[in-house]
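# Descriptive structure summary
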Amino acid sequence: MALARIARNNLRRSGGGVGSYVSEKEISYERAYTPKCSLPSFVNSEANGKFSYIPGIKEQKYINFSIRGIAGTPRYQFSSNTERIMDESDSEVENEGPRYAGLEATKPGEKPRVVVLGTGWAACRFLKGLDTRIYDVVCISPRNHMVFTPLLASTCVGTLEFRSVAEPVSQIQDALAKNPNSYFYLASCTGIDTDKHEIYCESVHNGGLPHEPYQFKVAYDKLVIASGAEPLTFGIKGVKEHAFFLREVNHAQEIRKRLLLNLMLSENPAEHVSITTGISEEEKKRILHCVVIGGGPTGVEFSGELSDFIMSDVRERYSHVKDYVHVTLIEANEILSSFDVSLRQYALKHLTKSGVHFMRGVVKEVHSKKLVLSDGTDVPYGLLVWSTGVGPSQFVKSLNLPKSPGGRIGVDEYLRVPSVEDVFALGDCAGFLEQTGRPVLPALAQVAEREGKYLVELFNKIGKQNGAKAFSAIPFGDPFVYKHLGSMASVGRYKALVDLRQSKDAKGLSVAGFVSWFVWRSAYLTRVISWRNRFYVAVNWATTLFFGRDNSRIG
């Protein structure tokens, strides 16, 4: 015990007895949890430099946080006396470091444990196919669902309800809810010890627990990192503070609330000559100006959905302000740069006809009511949606793992992190190492899904060949090969683009119009994971077609 060694060392240094003897029995409670500091919090330093036991320690409440088998480690603040004692303690105690409650390493005879970080496309495709007769699985993520991102833009304007694009992870892999040694933890990974085969986590917190955030560890036999990416802001001042992103369901909820709020506020009495208060005409134009930054598929689809909402619903239900509502799409180069030239031209022409104003420029800085372009142009806005691609998250940057070009976690052709044992990475957080001779794949849902499918087949195969335990020899087969199936994007008003070329420079079928829109909807409806959500999506589409979009602002 660390405390017993401290007491003995202090006894030797003082040459006398300790004022209050601390027995092994009295300090045995420290097995329940260990604070972040290596020194237990019930040791007091007296003036003579000796340690004494705090009599009331048994009456203090040390809470065992139980989340599907994990005891948490609350954070406590220690007094300056305690910090002084720590500095004076010998190297034996210092080298022990913090100890965390959690899941220990699997034992012989137990099923190997696969730990998955994330609930995105790659992680959920992996979880869905994992053979839980071979493995126990632990999924760790700050959200408990997968987002069907291709349809997320539709939820911002009420074409679809939010539940239609969210799939609970426990329904994707029911072992997380049913199997006794498989768990889902609502937490974020804060660090990985690849030598000990352990990850360290911090619980998601919202003020609902007595001590939070609390920390725990999970030992793994195999680790799959699929933690996704973060929106790129290019370090532009004001983006994070004032712009909305479109990556999560809560992002779509906030966009919808702001859009409807601006529409309703704009109908308040306007300022006239005889009235000194109210909303001026200029302010009304500003709050009803929706600006989208980024001409990729997400930005174009959101602009199309927004223009469709304005033409179909706003003009009918907000007739007093219908002439004030405008949408501007700002892109530094060409919109939909990965699509065929003819499709790009069709999209630009269609969006312009639908009322979307296209501007070419680079954002210099963002303020609360306007953004400034690099040429000095001021663009007032009431709603700003930022969609300029994704890059490595702070978590990925913090990992001491090899990186691919662009800063993602570097993997070989088997999606394995080659410098460490039993660690794999896939999805938007991973990219091929430069020495593989392969290009870093784009951050697309179909790339992540295909990687998840490949890796789960590999895991199921090595599990059947007794290669699933930590440090086991893995019989690799064929490497991962990605074949692009094409791209699709909706541009609103029952029009879409379908580009079936395998690469930007290859030849293939490229079509646009109503038929493409029907193909787009049919393809995405079949790709929605569960039959429940397919039913939701189909009913939402039918409801919108016959009754229009719901414009209730809730929350």
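Up top is the structure these notes are about.
This report concerns the structure included in the present document. Note that the structure is predicted; figures quoted are calculated from it, not measured.

### What about the environment of Gln215?
With respect to the helices and strands, the residue Gln215 is situated in strand S13 (residues 214–219). Residue classification places Gln215 among the buried residues on the basis of a relative accessible area of 6%. Taking the C-alpha atoms as reference points, Gln215 and Cys189, separated by 26 residues in sequence, lie 9.6 Å from one another. Among the polar contacts listed, one links the side chain of Gln215 to the side chain of Glu202, at a separation of 3.5 Å.

### Section: empty space enclosed by the protein
The full count for this structure, using the stated rule, is seven cavities of 30 Å³ or more. Empty space within the largest cavity amounts to approximately 90 Å³. Secondary-structure elements contributing two or more residues to the lining of the largest cavity are strand S26 (430–432) and helix H14 (445–464). Of the residues contributing to the lining of the largest cavity, the split by class is eleven nonpolar, two polar and three charged.

### Points about the pattern of salt bridges
For the structure on display, the rule yields 20 salt bridges. Of the charged contacts, one joins Arg143 and Glu248 as a salt bridge, the two residues approaching to 2.4 Å between their closest N and O atoms. With Arg143 in the loop between strand S8 (136–141) and strand S9 (145–147) and Glu248 in the loop between helix H8 (239–242) and helix H9 (249–265), this residue pair connects regions lying 105 residues apart in the sequence. Judged by its relative accessible area of 17%, Arg143 is buried. Within this structure, Asp308, Asp313, Arg317, Arg493 and Arg549 form a network of salt bridges that share partners.

### Some thoughts on helix H11 (residues 297–317)
The terminal C-alpha atoms of H11, which comprises 21 residues, lie 29 Å apart, in line with the 30 Å expected from a rise of 1.5 Å per residue. Of all the bends in H11, the greatest measures close to 40° and is centred on Ile310.

### Details of the pairing of strand S28 (residues 495–499)
Counting buried positions along S28 gives four out of five residues, so the element sits mostly inside the fold. Relative to S28, strand S27 (residues 487–492) is paired through five bridges, and the arrangement is antiparallel. The residue bridging Met488 from the neighbouring strand is Val498, located in S28. Between S27 and S28, which pair antiparallel and follow one another directly, the connecting turn spans two residues, one of which, Arg493, has a positive phi of 55°. Here S28 runs beside strand S29 (residues 510–513); their pairing, made up of four bridges, is antiparallel. The partner of Leu497 across the bridge, within S29, is Ala512.

Criteria and thresholds
- Residues numbered from 1 in each chain as written.
- Predicted model: local features only at pLDDT ≥ 70, side-chain atom pairs only at ≥ 80, totals over all residues.
- Heavy atoms only, no water.
- Helix = DSSP H or I, 4+ residues; strand = E, 2+ residues; numbered from the N terminus.
- Buried < 20%, exposed > 50% of the residue type's maximum accessible area, 1.4 Å probe, protein only.
- Polar contact = N/O pair within 3.5 Å; in protein donor to acceptor, adjacent residues only side chain to side chain.
- 1 Å grid on protein atoms, 1.4 Å probe; cavity = no way out; pocket = protein on both sides within 12 Å on 5 of 7 lines; lining within 4 Å.
- Points joined across faces, edges and corners; volume = space filled by probe spheres on them.
- Nonpolar A, V, L, I, M, F, W, Y, C, P; charged D, E, K, R; others polar.
- Salt bridge = Lys/Arg side-chain N within 4 Å of Asp/Glu carboxyl O.
- Expected span 1.5 Å × (residues − 1).
- Bend = angle between axes of the 7 residues up to and from the residue.
- Pairing = 2+ DSSP bridges.

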